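# Residue-level structural notes
Chain by chain, the residues:
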Amino acid sequence: EVVKMETEESGPTAPPAEEVDRYGSDLNQLKYDLEGWREILLPINKFLEWDKPYHPAALAGSVTLIFAMIWYLEPSVLTTFSLFGLVVTLVDFLVPTIMSALFSQTSWTIVQERKYEEICMRLLNARNHLLNFRTTLITLKHDKPKVYLIVLIGMLAFLAWVGNLVDNLFLSYLIVLFIVMVPGLRRHGIIQSALSSVKFVIKRLIAGKDPKPKRQ
């Protein structure tokens, strides 16, 4: 009993050494893969995290301009995806080449390296969240297939209903705008504040209102 009490009081256990080593290996691999992008990732990260007061407006304006051009030109779906793939291919080829020509390895500072590692950690955490969500769905399908079916059908039916109500291009615009705004909302604590408010409301709804004291 004494040993059990000491174990419970010791707090949460540390993650296994294998998980720590795998995370460190994945982080180093991601840093290596994005090495040609690191000089441009730092200013992009400042822009996405609203380092200046005008960054949110500039970010929303850029996304709005792109979707306004798509709305005006009305390209087909195949043309849109082809142009998007063309831009991604050119950027993926030109940016590392230009960055390596403009910047030298000796000009990279420790502060920049630390910030670059933080960016890679956030990207890796986002990827792990997606993989964990996929694993959760697979586990739910295996352990509770009926619950999995109900949840999945409900989510897809809701998305189909929303897609039927809202224009596809406008819905895509809202989704992209929200995604690019997430880093800034997260850094300034807006998302955390909103989630705390939602959790508080849900707890109040579940618990119900406190009964009124009886009159003596």
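Residues numbered from 1 in each chain as written. Predicted model: local features only at pLDDT ≥ 70, side-chain atom pairs only at ≥ 80, totals over all residues. Heavy atoms only, no water.

An unreviewed UniProt entry lists the protein chain under the name RETREG1-3/ARL6IP-like N-terminal reticulon-homology domain-containing protein, with Owenia fusiformis given as the organism. One UniProt comment on the protein chain, placed under Subcellular location (unreviewed entry), says "Membrane". (UniProt positions renumbered as here; feature names shortened; annotations may be inferred.)

Taking 1.5 Å per residue, 20 residues should reach 28 Å; helix 8 (residues 168–187) reaches 30 Å between its end C-alpha atoms and fits that length. Most pronounced at M181, the bend in helix 8 amounts to some 40°, and the proline P183 follows within four residues. Among the residues making up helix 8, those that are buried are Y173, L177, M181, G184 and L185. In the core, the buried residues of helix 8 are packed alongside helix 3 (38–48), helix 4 (55–73) and helix 9 (190–207). The positive-phi residue at the C-terminal boundary of helix 8 is G189, with phi of around 75°. (Helix = DSSP H or I, 4+ residues; strand = E, 2+ residues; numbered from the N terminus. Expected span 1.5 Å × (residues − 1). Bend = angle between axes of the 7 residues up to and from the residue. Buried < 20%, exposed > 50% of the residue type's maximum accessible area, 1.4 Å probe, protein only. Contact = heavy atoms within 4.5 Å.)

As a further point, take a nonpolar patch on the surface. There is a patch of nonpolar side chains on the surface, built from L83, L86, L90, F93, L94, I98, L102 and F103 and spanning about 800 Å² of accessible area. By secondary structure assignment, the location of L83 is in helix 5 (residues 77–102). Judged by relative accessible area, which is 47%, L83 ranks as partly exposed. (Patch = residues over 30% accessible without salt bridge, like charges linked within 9 Å, V, L, I, M, F, W, Y side chains within 5 Å. Areas by Shrake-Rupley, 256 points an atom, 1.4 Å probe, with all protein chains shown as cover. Salt bridge = Lys/Arg side-chain N within 4 Å of Asp/Glu carboxyl O.)

Right, let's talk about the layout of surface pockets for a bit. Here the largest pocket is characterised by a volume of approximately 2,100 Å³. Looking at the largest pocket, it is lined by 43 residues, and the ones nearest its centre are I66, F84, V176, I179 and V180. Those elements that provide at least two residues to the lining of the largest pocket are helix 3, helix 4, helix 5, helix 6 (110–143) and helix 8. Looking at the lining of the largest pocket element by element, the count peaks at nine residues for helix 5. A breakdown of the residues in the lining of the largest pocket according to their chemical character gives 32 nonpolar, six polar and five charged. There is about 160 Å³ of room inside the second largest pocket. Within the residue set of the lining of the second largest pocket, elements represented by two or more residues are helix 2 (17–33) and helix 6. (1 Å grid on protein atoms, 1.4 Å probe; cavity = no way out; pocket = protein on both sides within 12 Å on 5 of 7 lines; lining within 4 Å. Points joined across faces, edges and corners; volume = space filled by probe spheres on them. Nonpolar A, V, L, I, M, F, W, Y, C, P; charged D, E, K, R; others polar.)

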